[in-house]
Amino acid sequence: LDVIGILLDIVNFAIIYNEDPKLDRNLYFFDYDRGVYSQDENDLESLVLAVVPEMTNTKSRKNLLDTILKLPTSKIPVAPNFVLTAGRDLIAVGNGVLNLKTKKLIPYSPQFYITSKIDTNYNPNACKEPIYNGWSWSRSLKEISDGDLDKLKLLWQVVKAAICGYSDLRQSVLLIDD
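Residues numbered from 1 in each chain as written. Predicted model: local features only at pLDDT ≥ 70, side-chain atom pairs only at ≥ 80, totals over all residues. Heavy atoms only, no water.

Undergrad: For the nonpolar core, give the residues involved together with the corresponding values.
TA: Counting 18 residues, the largest nonpolar core has L7, F13, L27, L64, I68 and I76 as the members making the most contacts within it. Secondary structure elements with two or more residues in this core: α1 (2-10), β1 (13-17), β2 (26-31), α2 (41-51) and α3 (58-69). The leading source of residues in this core is α3, at 4 residues. One finds A14, Y37, F112 and I114 within the second-largest nonpolar core, a separate group that totals 12 residues. (Core = buried A, V, L, I, M, F, W, Y, C linked by side-chain atoms within 4.5 Å. Buried < 20%, exposed > 50% of the residue type's maximum accessible area, 1.4 Å probe, protein only. Helix = DSSP H or I, 4+ residues; strand = E, 2+ residues; numbered from the N terminus.)

Undergrad: Account for the side chain of S38, naming residues and giving values.
TA: Residue position: S38 is located in strand β3 (residues 36-38). Side-chain polar atoms of S38 contact the backbone nitrogen of D40, separated by 3.1 Å. Not counting residues up to four positions away in its chain, the partners in contact with S38 are L27, Y28, F29 and D31. (Polar contact = N/O pair within 3.5 Å; in protein donor to acceptor, adjacent residues only side chain to side chain. Contact = heavy atoms within 4.5 Å.)

Undergrad: An account of α1 is needed here, citing residue identities and associated values.
TA: Two residues of an α-helix separated by three or four positions point the same way, owing to the 3.6 residues in each turn. Among the residues of α1, those classed as buried are V3, I4 and L7. The arc that holds every buried residue of α1, seen down its axis, measures 100°, which confines them to one face. For α1, exposure combined with an orientation more than 90 degrees from the buried face picks out D2 and D9. Residues of α1 that are buried make contact with β1, α2 and α3. (Arc of directions from axis to C-beta.)

Undergrad: Go over unusual backbone geometry, please, and point to the residues and values.
TA: The backbone phi angle of N133 is positive, close to 50°, even though this residue is not glycine. With respect to the element layout, N133 can be found in the loop between β7 (104-106) and α5 (137-145). Although it is not a glycine, D146 adopts a positive phi angle of roughly 55°. Tracing the backbone through its elements, the reader meets D146 in the loop between α5 and α6 (149-164).

Undergrad: Lay out the sheet that holds strand β5 (residues 90-93) with the relevant residues and their values.
TA: To summarise the sheet geometry, strands pair through backbone hydrogen bonds and adopt either a parallel or an antiparallel arrangement. Overall, antiparallel pairing links the 3 strands, which are arranged β5-β6-β7 in an open sheet. Strand pairing shows two members of the sheet lacking a second neighbour, β5 and β7, which therefore form its edges. Taken over all neighbouring pairs, the strand axes of this sheet differ in orientation by 35° on average, direction set aside. In terms of strand pairing, β5 meets strand β6 (residues 96-99) through 4 bridges, oriented antiparallel. Following the sheet pairing, A92 is matched in β6 by V97. (Pairing = 2+ DSSP bridges. Axes fitted to C-alpha atoms, helices over the stretch in contact; angles between N-to-C directions.)

Undergrad: Run through the packing of α1 against α3, naming residues and quoting values.
TA: As a packed pair, α1 and α3 sit with axes 11 Å apart at the nearest point and diverge in direction by 65°. For the element pair α1 and α3, the recorded crossing hand is right-handed. On α3, the residues that touch V3, I4 and L7 of α1 are L64, T67 and I68. Its residues placed into classes, the contact of α1 with α3 shows 5 nonpolar, 1 polar and no charged. (Left-handed = near helix turned anticlockwise from the far one by under 90°. Nonpolar A, V, L, I, M, F, W, Y, C, P; charged D, E, K, R; others polar.)

Undergrad: Which residues make up the pattern of salt bridges, and what are the values?
TA: Applying the stated criterion across every chain yields a total of 4 salt bridges. Residues E41 and K62 are paired through a salt bridge, measuring 2.9 Å at the closest nitrogen-oxygen approach. Of this pair, E41 sits in helix α2 while K62 sits in helix α3; the two residues are 21 residues apart in sequence, bridging distant segments of the chain. With a shortest N-O distance of 3.2 Å, E45 and K62 are connected by a salt bridge. In this pair, E45 is assigned in helix α2 and K62 in helix α3, connecting sequence segments 17 residues apart. Exposure remark for K62: the relative accessible area of 34% places this residue in the partly exposed category. Look at the salt bridges and you will find they share partners, linking E41, E45, R61 and K62 into a network. (Salt bridge = Lys/Arg side-chain N within 4 Å of Asp/Glu carboxyl O.)

Set out below in structure tokens:
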């Protein structure tokens, strides 16, 4: 119990679920280097070893981590994955959490239950779309939409959903070329 107390004092643990908090119970810890929660078993065991170097038995370390997983929610927060709760206004990017409405970058923090992010950094000074040999993404979408503004908006929504990883939409898109 002393080891668990020490770990709880120095590590931000969370039980992060994707669908059902009773069935989908995975122990995560906040990785300050990456800015996201991780459930890497080797890293978790390394944390235990850092506190108790003499706990060389793998089974003992796993039992300790299982005990942490079963602690009351007052000790370990149980939270839905950030992607499910952030709505469509926040997105985890390489250098922080981007608020799409305000275009402000929020630093990573254990309060955001993020388990994955887009590796590309947000650059507030980027204002020009890259053009490759005369081809641009926006011009291509305008051509596909054939002047229909609703179709153009829909295509941009599809692009955003693909980039942001909105897997909870449960929709699919089929583009057919004649």
